[in-house]
Each structure stands twice: as C-alpha cells, then as structure tokens.
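Results of the structural survey
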Amino acid sequence: MFSPWYAWSGRDDPTNNCCINVATYGKGGRFAMTDRGSSALRRSGDTLQVGPSSLNWRGKELVINIDEVSSPPLISRMRGTITLTPSAVTSIELPLTPDGAHVWRPFAPIARISVDLEAKGWQFEGHGYFDSNFGTRPLESDFSTWTWARYPTATGATCFYDAVRRDSTKLDTAISFEPSGEARHVDAPKSEPFKRTLWALRRETRADAGTTPKQVKAMLDAPFYSRSVVETQLNGEAVQGVHEALDLNRYAQPLLKPMLAVRVPRRKNWTF
C-alpha cells in the first residue's frame, strides 16, 4: 500500500505491484522492499510467492522463506527462514470504515516465532503475531492519521486501533485476545501522547491515568510513518509492544513518492 510505483500506475492492477517487505532492527539491521511485476507472483491455497521469497502454510506453521536484497544505504543479501506458529488462527475481521472499504484481519494475534537468517546473531526465538490490512481505496483517501499498537499481556494480547477519518469521525477500538483465539472488545484507558519521532511525527497510545508511554526501541522512522517498541501501562500492568503511527496527510504529498522509490526499487520482470 506504500508502493510509489503502484500510485504512479494509477492503481490499476495490484498484482503488477507486489512485494515482500523484510525489515530487521538493531546492529546490522536491513530493509528490503522490491516492487515486482505480475510475472513474479504465484498463489495457491497455502502459498504466496513473490519472486524469490515466499510464505507457505505447512500444517499449523507459517514458513516464510526470505531471499531479498536490502535497499540503500546498506545493500546486501537477506536470506533465511522465519517460522510462525500461532496459538490459534482467528476468523475475526474489523471494518475500519463504515462501508468496509478498509478491514483489519488479525489472523494470529498471539504466536511464537523462530528466526534463522544467514547473518551472525540473527537466530532467535520469541513472541510474534500475524495480521493483515485489506482495502479497496488508498489509505490517504479515507484517513488523516492513525495509530495501532499490540501489547502482549499476562493473559494474551491487547490491540488498539485509533484513527481520524477524512470525514472527521474517529475509529476508537480496543480488542483483547486470548491464546485460544477468542477476542472481545474491552474498555481502554485514554490515549496519551509521548515523544515525537526524529521527523517530528506525533505519537500517542493508551496508558493508565498518571503514566506516560515511552519508546524503548526505535524500528522504522520515516517522514510519514513510525514503528517502534513502546512501553506503557494497562490496567496496572507494565507492557511492551509494537506501536505504529501514520500521518497520511504527509504521505499524500507528491514529493514523498520519489523519496520512497529510492528505498523501494522496481523490478518489473521475473522468470521462475
């Protein structure tokens, strides 16, 4: 959805602008996102393949095979496997607009991951999740800003979706997930602002009264988008999770597309 090439194409055929985005963080971290043509796309009931990389369901595990080249300034090969094992796969969908033009689908909000990349120190196991967003219109057409966060808790995980739509209405949703996959809407504390990003992007997330969220790890920091690990307090429990902030007013600016193209190269042709 952030491909400048898809925007420049007039958003005609989404299969002609497909990619598998891979980002690693910390020392030696890399970012790969190559926009590929429809000849690179293969799909079946249990497999999605885009060029040299693929996602494949093998029983109860999702196996992600990575073979990409990272973008400037650190250009190198990114190869390896990530295996995701959900505690349960849900059937839940959350419409983000009243007409359902945008939908959030938390396939596996609680999971374990095993990472085995061909680089020193990039082998580990931990807590993970698997979700997706679907839409039939550009995000910037329907939203001004949004924040999303997922915090593992002692009993499962809690996700927050907060957004301001173009018609000035707001999305204000908190959902609690159990390891069984059961989900329920929950009452949540108010959103609290915390320190802006290096690009001065405004951020906020839910926090108990009297507490201030804080970033504990920077991940991606772009003029219109931020991803980071954030610590906050929910119902008296200190939690850390992935937080995203998106300014779609900034993203809609034409000058951003050429900047993105540097990080998202286009490779139209592919032969299996």
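Scroll up for the structure.
Summarised in this report is the structure supplied together with it.

Parameters at a glance
- Per chain, residues are indexed from 1 in the order of the written sequence.
- Owing to the predicted nature of the model, reporting of local features is limited to residues with pLDDT of at least 70; listing and counting of side-chain atom pairs is limited to 80 or more, with chain, interface and lining totals taken over all residues.
- Only hydrogens and water are set aside; all other atoms, that is, all heavy atoms of the structure, feed into the side-chain values.
- Strands qualify as paired when DSSP identifies two bridges or more between them.
- Comment: elements are numbered from the N terminus, with helices defined as DSSP H or I runs of at least four residues and strands as E runs of at least two.
- Axes, fitted as lines to C-alpha atoms, cover a helix only where it is in contact. Angles between the N-to-C directions of the axes lie from 0 to 180 degrees.
- Only protein atoms enter the calculation, which uses a 1 Å grid: trapped sets of points that fit a 1.4 Å probe without letting it out are cavities, open sets showing protein on both sides within 12 Å along at least five of seven lines are pockets, and any residue with an atom within 4 Å of a point is a lining residue.
- Grid points are joined across faces, edges and corners, and a volume is the space filled by probe spheres set on the points.
- Think of it in three bands: residues with accessible area under 20% of the maximum for their type are buried, residues over 50% are exposed, and the middle band is partly exposed, with areas taken using a 1.4 Å probe on protein chains only.
- We call two residues contacting when some pair of their heavy atoms lies within 4.5 Å.

Another aspect to go through is the sheet that holds strand β18 (residues 214–221). Pairing is antiparallel across the open sheet formed by seven strands, whose spatial order is β15-β14-β13-β12-β20-β19-β18. The open sheet is flanked by β15 (183–185) and β18, the only strands paired with a single partner. Adjacent strand axes in the sheet meet at a mean angle of 20°, parallel and antiparallel pairs treated alike. The sheet contact formed by strand β12 (residues 143–153) and strand β13 (residues 156–165) spans ten bridges and is antiparallel. From the neighbouring strand, threonine 153 faces β13, where its bridge partner is glycine 156.

Approximately 380 Å³ is the volume attributed to the second largest pocket. Around the second largest pocket sit 21 residues that line it, and Thr145, Thr147, Val164, Arg202 and Glu204 are the ones nearest its centre. Put simply, the parts of the chain that give the lining of the second largest pocket at least two residues each are β12, β13, β14 (170–177), β17 (203–206) and β20 (237–247).

This part is about the environment of proline 138. Structurally, proline 138 is set in the loop between β11 (123–135) and α2 (139–142). Judged by its relative accessible area of 22%, proline 138 is partly exposed. Among all residues touching proline 138, those that are not within four sequence positions of it are Arg11 and His102.

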